[in-house]
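Chain and residue survey
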Amino acid sequence: QNFPDMLSGGPGYWFDGVNDYVTTTLIPDTNGTFEIFFSPTTFLNKRLMGSYDASINKAFMSINGTGKLSGGIGSQTLTTIVGTTTLISGTVYHGVLSWDASLVDLYLNAQNEYSGAMAGSISTAVINIGCANGNGTPFDFINSDIFFARYWNLKLTAAEVKAFSNGAAIPYKYIGA
């Protein structure tokens, strides 16, 4: 049965970019989707969620050094799977990285920003949120608010991605005491 597994939810978590992360028991599948609502603070090749295994097979979603949503699936890296929109610090985004045995798609706010052929094998290490799991060792910690993260064991269609996103970035400003 195809279903989502909730990784986190509720009001969200702030990850400090130093050592904060959440480890799950979920392992990426041949068909899968990472879905995340996040508000980045800084950029520098940091991972939103995902894993690498001992063979360096990948399954992760990240923000690359130029401030664009990116990812790595199989043997592909964040220099191959990279979006076109430069992210703005303090803005809430909906990111989706979805794949099957032949195709990888990257969406930002329901807009497809990358589509290409799948290459290599998927990571067999568990999924971390807030950093990547390098075969049991966390690394590339993100400095970001993460409001919601979900892993699906199927590749979502563009219509399904749009159904989970309002299609636009939401300005985010803290108002407090």
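Treat the numbers as computed from the prediction; the structure is a model and nothing was measured.

Concerning the overall build of the protein
Scanning the protein from N- to C-terminus turns up 1 helix and 16 strands. For the protein, the share of sequence-separated contacts (at least 6 apart) that also reach a separation of at least 24 residues comes to 67%. Accessible surface computed for the protein: about 7,700 Å², of which carbon and sulfur atoms make up 57%.

Notes on unusual backbone geometry
A positive phi angle, close to 65°, is found at Ile56, a residue other than glycine. Looking at the element boundaries, Ile56 is found in the loop between strand 5 (46–52) and strand 6 (58–63).

Thoughts on the nonpolar core
Among the nonpolar cores identified, the biggest contains 29 residues, and Phe34, Phe38, Leu48, Met61, Ile73, Leu97 and Ile146 are the most heavily contacted of them. Every element with two or more residues in this core is listed here: strand 4 (32–40), strand 5, strand 6, strand 7 (68–74), strand 9 (91–99), strand 10 (103–108) and strand 15 (143–152). Not counting residues within four places of it along the chain, the set of residues in contact with Ile73 comprises Lys58, Ala59, Phe60, Ile81, Leu97, Trp99, Val104, Met118, Ala119 and Ile122.

Structural notes on the packing of aromatic side chains
Inspection of the entire model under this criterion finds 10 aromatic pairs. Ring centres of Tyr21 and Phe141 lie 5.9 Å apart, and the angle between their planes is 50°; this geometry places the pair in the tilted category. Highlighted residues: Tyr21 in the loop between strand 2 (13–16) and strand 3 (22–23) and Phe141 in the loop between strand 14 (137–139) and strand 15, separated in sequence by 120 residues. With 5.8 Å between their ring centres and 35° between their planes, Phe38 and Tyr93 make a pair best called tilted. With Phe38 in strand 4 and Tyr93 in strand 9, the pair connects residues that are 55 residues apart, well separated along the chain. Assigned by exposure class, Phe38 and Tyr93 land together as buried.

About the criteria used
- Residues numbered from 1 in each chain as written.
- Predicted model: local features only at pLDDT ≥ 70, side-chain atom pairs only at ≥ 80, totals over all residues.
- Heavy atoms only, no water.
- Helix = DSSP H or I, 4+ residues; strand = E, 2+ residues; numbered from the N terminus.
- Contact = heavy atoms within 4.5 Å.
- Areas by Shrake-Rupley, 256 points an atom, 1.4 Å probe, with all protein chains shown as cover.
- Core = buried A, V, L, I, M, F, W, Y, C linked by side-chain atoms within 4.5 Å.
- Buried < 20%, exposed > 50% of the residue type's maximum accessible area, 1.4 Å probe, protein only.
- Phe/Tyr/Trp six-rings, centres within 6.5 Å; stacked < 30°, edge-to-face > 60°.

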